[in-house]
Amino acid sequence: MGGQVRISGSALQLPGGVTVRFMRTLRLPETGTHPLPPGLGTFPLRSVADYPDRAPAQWLERGGVMLPVYQREAMWLSFSATAPAALQVGVGKVCAVSGRPWSDRLSRDPQNYVVLPRQPWLDGINSGAGTIRQFVAVPLGLGATVEGQVSGEEVWGGVQLQVFELGERPLTTWRAEQRRRRVSQRGPWGVPAEEKLETILTGNVFGSLAPRAAPAMGLGAGGRMRQEVYRDERPLADWREQASGRVFVHLATAPQWRHITGEAPPSSPVDRAAYTSAGLPWFDYYDADADDLAAAGPLAEVEPVGDWLGDDQQPWTEPAPGQVHQLKDGGQVTDGDW
């Protein structure tokens, strides 16, 4: 499956016309509920298979890609798709939507995927009531990650993506509907990431080997923001039973990235107080016609990383009303042993 995933610039291209970008952003305060933070550029992506002598052996076994992230740095995932697709998002092999263990199958009770292109982005784990808790990078071994708090151990880290396409008959029906509707150039398929704001690779296949050592970084939960995770309106039978592609995304510390790639990591993002004080935009995106998923049981109990690390001390200034903008609809990667 990994042979059907490609890197294109700083984006991942998955089967079914799905594109995923990993966006740098501001870390939110861990009290209160906030608007959507901006995108401050994309994280660079590299194939682990391109560095057989310097990438950790465990990463080479799992294949996939890596990106550099600073400890306590926040990120969000930007999605686009040319046709409907179901995308599973795992954090340390815990589903970011349902809080359940990673699965090779789609589920609706609870739903363990987001529907593209209906879901334009995902900024964190599903906390229900139209909110999420922000993805924040933290070291493994402290117990602060979502993986550690939900599963009781930290052995995987990183981000996992797996895409399922529509079955042949539903896809044919959808294409016919699109031809009839003659969608406008912008269409109803979500908001371009820039508004919120080909290397071919080789490698291994999946197996059953246990990981030899824990990777360096995983994702914990940060501040809460207003963002819906939409319920799938299609019957589960519309989706193919087998995934079309999947990829493991490793989170490298800044020193790891420099050692493995020989490249300097991007500089650390601007702090949130300076950004807000400069009058720069925040965002709001809400669809009253869509059905939001309820809070996922295991994820509702996840504590923010600041409670573990005691570091949520960065100054915070609420954006002025005019700063919050309402958004409207409008190469081959290796797979490995995880």
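Here the residue numbering is sequential within each chain, running from 1 through the sequence in written order. Selection of residues for local features in this predicted model requires a pLDDT of at least 70, selection of side-chain atom pairs for listing and counting requires 80 or more, and totals for whole chains, interfaces and linings are taken over all residues. In computing side-chain properties, one takes all heavy atoms of the structure into account and sets aside hydrogens as well as water.

Our focus in this paragraph is the overall build of the protein. Helix and strand counts for the protein come out as seven helices and 19 strands. Buried residues are those whose accessible area, probed at 1.4 Å on protein chains only, stays under 20% of the maximum for their type, while exposed residues exceed 50% and partly exposed ones sit between those limits. Counting all 338 residues of the protein, 56% fall into the buried class. Secondary structure elements follow DSSP: runs of H or I of four or more residues count as helices, runs of E of two or more count as strands, with numbering from the N terminus.

Let us now look at the pattern of salt bridges. Here, a salt bridge means any Lys or Arg side-chain nitrogen found within 4 Å of an Asp or Glu carboxyl oxygen. As enumerated under the stated definition, the model contains six salt bridges in all. Put simply, Arg24 and Glu73 hold a salt bridge, and the shortest N to O gap is 2.8 Å. In this pair, Arg24 sits in strand β3 (residues 18-25) while Glu73 sits in the loop between β6 (65-68) and β7 (74-81), placing the two residues 49 residues apart along the sequence. When its relative accessible area of 5% is taken as the criterion, Glu73 is described as buried. Close ionic contact of Asp232 with Arg108 constitutes a salt bridge, the shortest N to O distance being 3.6 Å. Using a relative accessible area of 30% as the deciding quantity, one classes Arg108 as partly exposed.

This part covers helix α4 (residues 254-261). For α4, the complete set of buried residues consists of Ala254, Trp257, Ile260 and Thr261. For α4, the buried positions fall inside an angular range of 135 degrees around the axis, keeping them on one side. Across α4 from its buried face, at more than 90 degrees, point the exposed residues Pro255 and His259. Note on contacts: a residue pair is in contact if any heavy atoms of the two residues lie within 4.5 Å. The inward-facing, buried residues of α4 abut β5 (46-47), α1 (57-62), β6 and β16 (245-252). An arc is given here, and it is the one of the directions from the helix axis to the C-beta atoms.

What follows deals with unusual backbone geometry. The omega angle of the peptide bond from Asp109 to Pro110 is 0 degrees, so this bond is cis rather than trans. One can find Pro110 in the loop between β9 (94-95) and β10 (114-116). Following Leu116, the chain continues into Pro117 via a peptide bond in cis, with omega recorded as 0 degrees. Checked against the element boundaries, Pro117 lands in the loop between β10 and β11 (121-122). Despite not being glycine, Arg72 shows a phi value in the positive range, around 75 degrees. In this structure, Arg72 sits in the loop between β6 and β7.

Take the packing of aromatic side chains next. Side-chain rings of Phe, Tyr and Trp (the six-membered ring for Trp) are treated as a pair once their centres are within 6.5 Å; stacked means planes under 30 degrees apart, edge-to-face means over 60, and tilted covers the remaining angles. Counted by the stated rule, this structure contains one aromatic pair. Arranged with centres 6.0 Å apart and planes meeting at 80 degrees, the rings of Trp76 and Trp121 form a pair that is edge-to-face. One end of the pair, Trp76, is in strand β7; the other, Trp121, is in strand β11, with 45 residues separating them in the sequence. A relative accessible area of 0% means that Trp76 is categorised as buried.

Turning our eyes to something else, we now look at the side chain of Thr131. You can see Thr131 is positioned in strand β13 (residues 131-139). Reaching out from Thr131, the side chain makes a polar contact with the side chain of Ser127 at a distance of 2.7 Å. Beyond its immediate stretch of four places on either side in the chain, Thr131 contacts Thr33, Asn126, Arg224, Met225 and Gln227. N or O atoms within 3.5 Å of each other form a polar contact, as long as, within protein, one can give a hydrogen and the other can take it, and as long as residues adjacent in sequence are counted only when both atoms are side-chain atoms.

Fair warning: the whole summary comes from geometry, so function is off the table for now.
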